[in-house]
Amino acid sequence: MACGKVRGTVARMERTYSVPGISCGHCKAAIESEVGQVAGVERVEVDVDARTVVVVGDADDAAVRAAIDEAGYEVAPA
Ligand SMILES: [Cu+2]
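Thoughts on the overall build of the chain
And step 1. Scanning the chain from terminus to terminus reveals two helices and three strands.
And step 2. Tracing the chain from N to C terminus, the helices and strands come up as β-α-β-β-α.
And step 3. Within the chain, the proportion of its 78 residues that are buried is 18%.
And step 4. For the chain, the share of sequence-separated contacts (at least 6 apart) that also reach a separation of at least 24 residues comes to 60%.

Details of the nonpolar core
And step 1. Judged by nonpolar contacts, the single largest core of 14 residues is most densely connected at V19, I31, V35, V53, V64 and I68.
And step 2. Listed by contribution, the elements that provide at least two residues to this core are α1 (25-35), β2 (41-47), β3 (52-57) and α2 (61-70).
And step 3. What I68 contacts, discounting residues up to four positions off in sequence, is Y17, V19, I31, E34, V35, V53, Y73 and V75.

Notes on the sheet that holds β3
And step 1. Read from one edge of the open sheet, three strands run β1-β3-β2, paired in antiparallel fashion. Two strands close off the open sheet at either side, each with one partner strand: β1 (13-18) and β2. Here the strands of the sheet are splayed against their neighbours by 15 degrees on average, with no regard to which way each runs.
And step 2. Summarising the sheet, β2 and β3 pair through six bridges and their orientation is antiparallel. Its bridge partner lying in β3, V41 is registered against G57.
And step 3. Contacts from α1 reach β2 and β3, with the element oriented near 165 degrees to β2.

Some points on the confidence of the model for the chain
Residues shown with low pLDDT carry predicted positions that ought not to be read at fine detail.
And step 1. Residues of the chain with pLDDT of at least 70 account for 86%, and the chain-wide mean is 90.
And step 2. When mean pLDDT is taken per element in the chain, α1 scores highest with 98 and β1 scores lowest with 95.

Description of α2
And step 1. Within α2 the residues assigned to the buried category are V64, A67 and I68. Seen end-on, α2 carries its buried residues on one side only, within an arc spanning 100 degrees. Turned more than 90 degrees from where α2 packs its buried face, A62 and D69 sit exposed.
And step 2. Residues of α2 that are buried make contact with β1, α1 and β3.
And step 3. In the stretch just after α2, G72 is the one whose phi turns positive, near 105 degrees.

What counts, and at which threshold
Residues numbered from 1 in each chain as written. Predicted model: local features only at pLDDT ≥ 70, side-chain atom pairs only at ≥ 80, totals over all residues. Helix = DSSP H or I, 4+ residues; strand = E, 2+ residues; numbered from the N terminus. Buried ≥ 20, exposed ≤ 12 C-beta atoms within 10 Å, placed from the backbone. Contact = placed C-beta atoms within 7 Å. Core = buried A, V, L, I, M, F, W, Y, C linked by C-beta atoms within 7 Å. Pairing = 2+ DSSP bridges. Axes fitted to C-alpha atoms, helices over the stretch in contact; angles between N-to-C directions. pLDDT = per-residue confidence, 0-100. Arc of directions from axis to C-beta.

Written out as structure tokens, the structure is:
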């Protein structure tokens, strides 16, 4: 089954971004606070060990990337 919007329901997307610059709890807090302000973001979880940012919701991909950039981090190319 393809992932996408189902008619009549709001798609709840989960995306994982690889952010190599994450190294401690401060990074986690900074990114979670920036990304948490993006419209459509339901939940944001930063994994310091894995250096990933998991975003749940129907937020715009570019807006999430911009927020991570705004927090001072770079998303690794896929
Ligand atoms: Cu840090």
